[in-house]
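Commentary on secondary and tertiary structure
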Amino acid sequence: MRLSLGSPCTLSPPSSSTQSCTLTHTHQPIRLNTKQPIAMPSWFPGITHTPVKLGNRWMEYQGIRNWEGLLDPLDDNLRTEILRYGGFVEAAYNSFDFDTSSPTYAACRFPKSTLLERSSLPGTGYRVTKHLRATCGVKLPCWIEKTNSWVSTQSSWIGYVAVCQDKDEIARLGRRDVVIAFRGTATCLEWLENLRATLARLPEVDSDRTPKRQGPMVEGGFLSLYTSRTTMSPSLQEMVREEIKRILKTYGKEPLRLTMTGHSLGAALAILSAYDIKATFKCSPLVTVVSFGGPRVGNRNFRQLVEKQGINILRIVNSDDLITKVPGFVVDGDSEVANNEEYLHIAGLPKWIQKRVEETQLAYAEVGRELKLSSKDCPYINSVNVATCHELKTYLHLVNGFVSSSCPFRATAKEGSQ
């Protein structure tokens, strides 16, 4: 989701009066991929060292223990992996044709064979194997559809699947990694889908629903983007399933790991695709989600379903980012009332309002583990507004500089800049 509100993301060198933390231990600078750093302004914190071998701890970094002991303070190896996956999301943005006057608007600008290199992400050791498209289910008036305008673009390129092919990188990661990366909102109809904030039931889910107890539900617009299709284009769900089936067949019994990553709308689609893969392929590999600036996705029953599936979700959240606080209301999952009663308990609301919220299908629950950051803690960001706080570049910058909750931004972040 790329907002057009306010000024673009502006990162500036810190003033002399800016306070930041100095670490007492040796902190290695970071790079986004194993071969070549992504170009940044000269003042941007250094990204220079090659990621270390994860070895037997690779499952920890994929969230098998819910990232216990790795987030506060932020483990350097995990930081590097988060930034590396953020690079894959940035490549999805860089590959998308945003030019509404272009005949290829909303398509991918590059072929699979050169996508990563031409989108400023060379030398990753990964090869793109599948382009992914999402189709909006919003019904427009006939007169708008007949205009063939960019406004009515129904199906658009949303991301890609990439498989690690480099033997050294596979050895470093612990096993072959499959990445599914999604961009954020770009087209008019995608924005309309985002506004469909009420919850919708997940199809093909067996649950003992009663009139007073709902089953797993997700935001209606996200579900529509994931499952809608046209006569000319299959759904995103069908494309993801087809490619994962092919990959699992291709690599046979070779151990794999699947990592979904995305920003904004792409973060929501990453969670939906992770759920769908685990629900479709009973013998699927370890599935992890690394999301940036994602909105809420589903209700409490959906969260419980995802946890039961064993999906590891790490949400990178900027506390100053409005998008991470919508849609709906957050369910107080720690409440005994929520666990034992027939109605949802929503923090801070009277019981009669809680019941009304549930009836309107706006009661959401956060999923996964959260790494909370803040634009206000960064001495390099001189403009804190809705657009700036949501930009993917801001998220990557905050991850690169974050130390811990007691030391939000490291003074040495600038060392080793190029």
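In this text, all values refer to a predicted model and were calculated from it rather than measured experimentally. (Residues numbered from 1 in each chain as written. Predicted model: local features only at pLDDT ≥ 70, side-chain atom pairs only at ≥ 80, totals over all residues. Heavy atoms only, no water.)

1. Describing the overall build of the protein
In terms of helices and strands, the protein carries 14 helices and eleven strands. For the protein, buried positions account for 56% of its 418 residues. The contacts of the protein with a sequence gap of at least 6 include a subset with a gap of at least 24, amounting to 74%. Carbon together with sulfur atoms contributes 51% to the accessible area of the protein, which is approximately 18,200 Å² in total. (Helix = DSSP H or I, 4+ residues; strand = E, 2+ residues; numbered from the N terminus. Buried < 20%, exposed > 50% of the residue type's maximum accessible area, 1.4 Å probe, protein only. Contact = heavy atoms within 4.5 Å. Areas by Shrake-Rupley, 256 points an atom, 1.4 Å probe, with all protein chains shown as cover.)

2. Notes on the environment of Ser405
Among the secondary structure elements, Ser405 is positioned in the segment after helix H14 (392-401). Expressed as a C-alpha distance, the spacing of Ser405 and Leu373, which sit 32 residues apart in the sequence, is 8.6 Å. Of the polar contacts made by the side chain of Ser405, one reaches the side chain of Asp72; its length is 2.7 Å. (Polar contact = N/O pair within 3.5 Å; in protein donor to acceptor, adjacent residues only side chain to side chain.)

3. Some details on the pairing of strand E8 (residues 312-318)
Within E8, seven of the seven residues are buried, which leaves the element mostly enclosed by the surrounding structure. Alternating positions in E8 separate into two faces, Asn312, Leu314, Ile316 and Asn318 on one and Ile313, Arg315 and Val317 on the other, with burial throughout. Running through helix H10 (residues 300-309), the crossover from strand E7 (residues 286-292) to the neighbouring parallel element E8 is right-handed. As paired strands, E8 and strand E11 (residues 369-373) are joined by five bridges and run parallel to one another. Residue pairing for E11: Asn318 is matched across the bridge by Leu373. (Right-handed = clockwise from strand over helix to strand, strands pointing away. Pairing = 2+ DSSP bridges.)

4. A look at the nonpolar core
Counting 51 residues, the largest nonpolar core has Phe88, Leu116, Tyr160, Phe292, Ile316 and Leu371 as the members making the most contacts within it. Core analysis: the second largest hydrophobic core is formed by 46 residues, Leu132, Val163, Leu223 and Ile244 among them. (Core = buried A, V, L, I, M, F, W, Y, C linked by side-chain atoms within 4.5 Å.)

5. Looking at the side chain of Glu219
Structurally, Glu219 can be placed in strand E5 (residues 217-219). There is a polar contact of 2.7 Å between the side chain of Glu219 and the backbone nitrogen of Phe222. Excluding its chain neighbours within four sequence positions, the residues that come into contact with Glu219 are Glu193, Asn194, Arg196, Ala197, Thr198, Leu199, Val297, Pro327 and Tyr364.

6. Side note on a nonpolar patch on the surface
Together, Leu322, Val326 and Val386 give the surface a local cluster of nonpolar side chains, amounting to about 210 Å² of exposed area. Given the relative accessible area of 34%, Val386 is considered partly exposed. (Patch = residues over 30% accessible without salt bridge, like charges linked within 9 Å, V, L, I, M, F, W, Y side chains within 5 Å. Salt bridge = Lys/Arg side-chain N within 4 Å of Asp/Glu carboxyl O.)

7. Quick look at the packing of helix H8 (residues 236-251) against helix H9 (residues 265-280)
Two elements in contact, H8 and H9, have axes separated by 10 Å at closest approach and are oriented at 55 degrees. Our classification of the angle between H8 and H9 gives oblique. Crossing of H8 against H9: the hand is right-handed. Across from Leu236, Gln237, Val240, Arg241 and Ile244 in H8, the residues of H9 making contact are Leu269, Ser273, Asp276, Ile277 and Thr280. Split by residue class, the contact of H8 with H9 holds five nonpolar, three polar and two charged. (Axes fitted to C-alpha atoms, helices over the stretch in contact; angles between N-to-C directions. Parallel < 35°, antiparallel > 145°, perpendicular 65-115°, else oblique. Left-handed = near helix turned anticlockwise from the far one by under 90°. Nonpolar A, V, L, I, M, F, W, Y, C, P; charged D, E, K, R; others polar.)

8. Examining the confidence of the model for the protein
Per-residue confidence for the protein gives a mean pLDDT of 83, with 76% of residues at or over 70. Every residue in residues 3-10 scores below 50 in pLDDT, and together they form 20 contacts with partners more than four places removed in sequence or on other chains. In the predicted structure, residues 334-344 sits below a pLDDT of 50 and forms 21 contacts with residues beyond four places in sequence or in another chain. (pLDDT = per-residue confidence, 0-100.)

9. Details of the packing of aromatic side chains
Two measures describe an aromatic ring pair: the distance that separates the ring centres and the angle between the ring planes. Under the counting rule described, the total for this entry stands at six aromatic pairs. A centroid spacing of 4.9 Å and a plane angle of 65 degrees characterise the contact between Phe88 and Tyr126, whose relative ring orientation is edge-to-face. Of the two residues, Phe88 sits in helix H2 (residues 76-95) while Tyr126 sits in strand E1 (residues 126-135), which places them 38 residues apart along the sequence. According to the relative accessible area criterion, Tyr126 is buried, its value standing at 7%. With 4.7 Å between their ring centres and 75 degrees between their planes, Phe96 and Phe98 make a pair best called edge-to-face. Phe98 sits in the partly exposed class, given a relative accessible area of 33%. Ring pairing ties together the aromatic residues Tyr85, Phe88 and Tyr126, which thus form one cluster. Geometry around Tyr85 places Arg84 over its ring, the cationic atom sitting 4.6 Å from the centre. In this arrangement the basic side chain of Arg183 is found over the ring face of Phe96, its NZ or CZ atom lying 4.2 Å from the centre. (Phe/Tyr/Trp six-rings, centres within 6.5 Å; stacked < 30°, edge-to-face > 60°. Lys NZ or Arg CZ within 6 Å of the ring centre and 35° of its normal.)

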